[in-house]
Amino acid sequence: MQRIRNSKDFFAGALFIAIGIATIALGTRYTLGSAARMGPGYFPRILGILLIVLGGILAARSLQVPGTRFAAFRWRPTLIVLGSVVLFGAIVRPLGVALSTVVLIVAASAASHEFRPRESLVVGVLLAALAVGVFVVGLQLQLPIWPGQA
Amino acid sequence: MDILHHLALGFGTALSAVNLLYALIGVLLGTLIGVLPGIGPVATIAMLLPTTYALEPVSALIMLAGIYYGAQYGGSTTAVLVNMPGESSSVVTCLDGYQMARKGQAGAALAIAALGSFFAGTVATVLVAGVSVPLSALALKFGPAEYFSLMVLGLIGAVVLAHGSLVKAIAMIVLGLLLGIVGTDVNSGVERFTFGIPELSDGIGVVVVAMGLFGFAEIVLNLQSTEKREVIKAKLDGLWLTKHQLREAAPAVLRGTALGSVLGVLPGGGAMLSSFASYSLEKKLARDPSEFGKGAIRGVAGPESANNAGAQTSFIPLLTLGIPENAVMAMMVGAMTIHNIQPGPQVMTSNPQLFWGLIASMWVGNLMLVVLNLPLIGIWIKLLTVPYRMLYPAILLFCGIGVYTVNNTSFDVMQTAFFGALGVLFARLECEPAPLLLGFVLGPMMEENLRRAMLLSRGDATVFATRPISAALLLAAILLVLVIAVPNIRRQREKAFQEASA
């Protein structure tokens, strides 16, 4: 078994191969057609094959050409930032822009190592007022301000 | 005299009160975002795109274009005053601009950046207007085979000039093409790769992809480091240039403008490449290259003119051929598509007001930047003192509201978070997201042209090589790949040899 010398390229290659295989597998449900009359499955099939080939080149090279190592990864800020966005998407309609904004700002602020809960609450309230003013009143976007208006 | 007639039509549109207002809003917002570090023009446009839905298409595009060159400008302001490039295209401005500021010449640095940009912007506007007509006429003669090959060349060119691994970049393009065709196939009505999710039947939104990959991922990556950001302040005393400085800078402005105008048109070119190229050109031409990095005014004048010229001429391939050459232009394609305008050579004839109005507004926007922004510099600098811990939640909020209101659905917000996670993963794997975005917007067009070309040739794939224009375009693409790939192979072999002998 050969050693992986460039783990970034190796995993990138593996990812592309996996997506390529999935594309071809899912694409079997679509009519392939012929070169002259391409069905909906033709172009995706080409792309799937290309992904597998390119991913293969990357993975093969990663065994020979050394690369840099992965830097340390912090899951906390990643999960908090993306999680708070998902949460915002889920509550903005039922709770309205005002409350959802405060929730989003406080939750997202917790991702920073300089998190200050009280400060984030103040920022949240100010931004909520701004968001309502700009988006709902100013730009007339169809958004509920308070709970139960949707 | 045609060009004058066209420009008159354009200025008629651009100078209407409404469009002047949107150009102003655009350059102000762009400058604001350009000043703030950690959010680039692609994420900005994605964030603000939803607010332009209600506008007339021409006003929307004028505003978005204003954001783009406003961002360049804001980026240079912070580069000079606090040694922090607000945008990647102003990285080189830090080198000499900040040194000038330390010597008490911040005013001169900002003034030459503004004047150089304005000059470059004026030249580039005329160039865009002049080149567009013949180029569009040429593009109208293209059949599907030529178009397909042109897109191949455009995509390959865009990644060849970018940094990083070529194979990865091409794989990212392919992935982008694949994401681009998610949704209902226009020819057969079959829903592809929608996993039975009804929201996906219309495809994935460009705002969703761009905001996730460029906006959210950037924030997560910024939060990975626990370093404290320090804001250093330079004094700003009057905006003046001595005669000597002006004489020193003028040739650099001219060279920067010429270089930026050319590099801006190339696939993968644009503001960033232009500024880097101009800096190294100025350094090579200087009698005393050791001055560079110590506050040489030519090191500011050249790149600042070049990046503005490049930012504007990069509209040429988009407006005449319908092919975006960098991620910002891909966003403009997204914006045009949302307003039901298919970018391409036909825009000039079918929508002359929009076409010439947009071009004229470039010059108007540049004028606004010079006139308005210099007095506003104090405010921009104050903004920099807002700590990042308050800034990024606010950016998330505007992104969140922006993406939600595209279709008024939570699903889009979740999707954006997904692309944010994907963006973080790509950054970990050192895969650049820009080629993916280019592929994404070109995906459906590329499939359509491939289908039509093959239908016309009755399934004979050699059509791409036997039609002369198509063959030339493909050949150029292959040459580009070889030029890059060969030294790459050589270097790697050398590395391997070194290791073997060690």
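Note that the structure is a prediction, hence the values are computed from the model and not measured.

(A) Expanded view of the overall build of chain B. Of regular secondary structure, chain B possesses 21 helices and 2 strands. Counting only C-alpha atoms and orienting by the principal axes, one finds that chain B spans roughly 70 × 70 × 50 Å. Contacts in chain B between residues far apart in sequence, at least 24 positions, make up 81% of those at least 6 positions apart.

(B) Broad picture of the environment of Lys8 of chain A. By secondary structure assignment, the location of Lys8 of chain A is in helix H1 (residues 7–27). Between the alpha carbons of Lys8 of chain A and Arg118 of chain A there is a distance of 40 Å; along the sequence they are 110 residues apart. Residues within four places of Lys8 of chain A in sequence aside, it is in contact with Gly67 and Phe70 of chain A together with Leu429 and Glu430 of chain B.

(C) The nonpolar core, seen in detail. Counting residues in each nonpolar core, the largest one holds 213 residues, and the members touching the most others are Ala46, Val174, Ala210, Met211, Met331 and Leu437 of chain B. Tallying contributions element by element places helix H6 (residues 106–140) of chain B first for this core, with 17 residues. A domain-level breakdown of this core finds at least three residues from each of domain 1 (7–62) and domain 2 (75–138) of chain A.

(D) Examining the interface of chain A and chain B more closely. Taken together, the contacts link 59 residues of chain A with 55 residues of chain B. If you list the elements that add at least two residues to the side of chain A that touches chain B, you get H1, helix H2 (42–62), helix H3 (75–109) and helix H4 (117–138) of chain A. The dominant element in the side of chain A that touches chain B, judged by the number of residues it contributes, is H3 of chain A, at 17 residues. When its residues are assigned to classes, the side of chain A that touches chain B shows 41 nonpolar, 13 polar and 5 charged.

(E) The arrangement of the packing of H2 of chain A against helix H8 (residues 166–180) of chain B in detail. H8 of chain B packs onto H2 of chain A with a crossing angle of 155° between their chain directions and a minimal axis gap of 9 Å. Relative to H8 of chain B, the element H2 of chain A is oriented roughly antiparallel. Taken as a pair, H2 of chain A and H8 of chain B cross one another with a handedness that is left-handed. Only Val167, Lys168, Ile170, Ala171, Val174, Leu175, Leu177 and Leu178 of chain B of H8 of chain B make contact with H2 of chain A, whose side of the interface consists of Pro44, Leu47, Leu50, Leu51, Leu54, Gly55, Ile57 and Leu58 of chain A.

(F) Structural detail: the confidence of the model for chain B. Put simply, chain B has an average pLDDT of 85, and 92% of its residues get 70 or more. Scored by ipTM, the complex comes to 0.94, with pTM at 0.87.

How each quantity is defined
- Residues numbered from 1 in each chain as written.
- Chains lettered and ligands numbered in written order.
- Predicted model: local features only at pLDDT ≥ 70, side-chain atom pairs only at ≥ 80, totals over all residues.
- Helix = DSSP H or I, 4+ residues; strand = E, 2+ residues; numbered from the N terminus.
- Contact = placed C-beta atoms within 7 Å.
- Core = buried A, V, L, I, M, F, W, Y, C linked by C-beta atoms within 7 Å.
- Buried ≥ 20, exposed ≤ 12 C-beta atoms within 10 Å, placed from the backbone.
- Domains from an automatic or database assignment.
- Nonpolar A, V, L, I, M, F, W, Y, C, P; charged D, E, K, R; others polar.
- Axes fitted to C-alpha atoms, helices over the stretch in contact; angles between N-to-C directions.
- Parallel < 35°, antiparallel > 145°, perpendicular 65-115°, else oblique.
- Left-handed = near helix turned anticlockwise from the far one by under 90°.
- pLDDT = per-residue confidence, 0-100.

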